[in-house]
Amino acid sequence: MPQTIHFQYIVPGDDFTRAGEASSSVKKALKKIGIHPEAIRKVAIAMYEGEINMVIHAHGGVIDVDISPDEIRMVLTDHGPGIENIELAMQEGWSTAPDDVRSLGFGAGMGLPNMKKYTDDMTVESTLGQGTIVRMTVLCH
């Protein structure tokens, strides 16, 4: 495997039918290059949650993924409304998803908590009115 493999995905906004395409694509690539199955599972879950958050709250965004022999780094960038209170948003069950999104089975307030749970490192930077950047790392061992 080369030192680092880079993928970039555009997550379309407000399109639940395409949400999950990026995480599915990364999962396939990780399997193909022989990354440990547990690391693949963690990446797939964390990335999917991030994709859904981008669709629900930010009208889409961009996910950059860097895969090296030791770790998978994901950077999710959007230009949505930002997160008003990150500490509150990190609590299980806290959600600002509208009712129409909840009626589709999304918006239960588990996105950010699951992203943190299934990564080895995660940071969230958000500016109201400008967007959010989530950086996640999953170790390959």
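Cut-offs applied
Residues numbered from 1 in each chain as written. Predicted model: local features only at pLDDT ≥ 70, side-chain atom pairs only at ≥ 80, totals over all residues. Heavy atoms only, no water. Helix = DSSP H or I, 4+ residues; strand = E, 2+ residues; numbered from the N terminus. Expected span 1.5 Å × (residues − 1). Buried < 20%, exposed > 50% of the residue type's maximum accessible area, 1.4 Å probe, protein only. Arc of directions from axis to C-beta. Contact = heavy atoms within 4.5 Å. pLDDT = per-residue confidence, 0-100. Polar contact = N/O pair within 3.5 Å; in protein donor to acceptor, adjacent residues only side chain to side chain. Pairing = 2+ DSSP bridges. Axes fitted to C-alpha atoms, helices over the stretch in contact; angles between N-to-C directions.

### Some words on helix α1 (residues 21–32)
Right, so step 1: End to end, α1 covers 17 Å across twelve residues, agreeing with the expected 16 Å (1.5 Å per residue, within 8%).
Right, so step 2: Those residues of α1 not exposed but buried are Ala22, Ser23, Val26, Ala29 and Leu30. The buried side chains of α1 occupy one side of the element, clustering within an arc of 125° when seen end-on. Of the residues in α1, the exposed ones pointing more than 90 degrees away from the buried face are Lys28, Lys31 and Lys32.

### Considering the environment of Leu128
Right, so step 1: Along the chain, Leu128 falls in the loop between β4 (121–127) and β5 (131–139).
Right, so step 2: Classification of Leu128 as exposed rests on a relative accessible area of 52%.
Right, so step 3: Sequence separation between Leu128 and Glu51 is 77 residues, and the spatial gap between their C-alpha atoms is 19 Å.
Right, so step 4: Those residues within four positions of Leu128 in sequence are excluded, and the remaining contacts are Pro81, Gly82, Ile83 and Glu84.

### Considerations on the confidence of the model for the chain
Right, so step 1: Averaged over every residue, the pLDDT of the chain is 92; the share at 70 or more is 99%.
Right, so step 2: Confidence scores differ between elements of the chain, with helix α4 (residues 99–102) showing the lowest mean pLDDT of 82 and β5 the highest of 98.

### Describing the side chain of Glu71
Right, so step 1: Structurally, the position occupied by Glu71 is in strand β3 (residues 71–78).
Right, so step 2: You can call Glu71 buried: its relative accessible area is 19%.
Right, so step 3: Among the polar contacts listed, one links the side chain of Glu71 to the side chain of Arg73, at a separation of 2.6 Å.
Right, so step 4: Beyond its immediate sequence surroundings of up to four residues, Glu71 is in contact with Asp66, Thr137, Val138, Leu139 and Cys140.

### Thoughts on the sheet that holds β4
Right, so step 1: Pairing is antiparallel across the open sheet formed by five strands, whose spatial order is β1-β2-β3-β5-β4. Bordering the open sheet on either side are β1 (5–12) and β4, each of which pairs with just one other strand. Taken over all neighbouring pairs, the strand axes of this sheet differ in orientation by 10° on average, direction set aside.
Right, so step 2: Taken strand by strand, α1 contacts β1, β2 (60–67) and β3, and its axis lies near 160° from that of β1.

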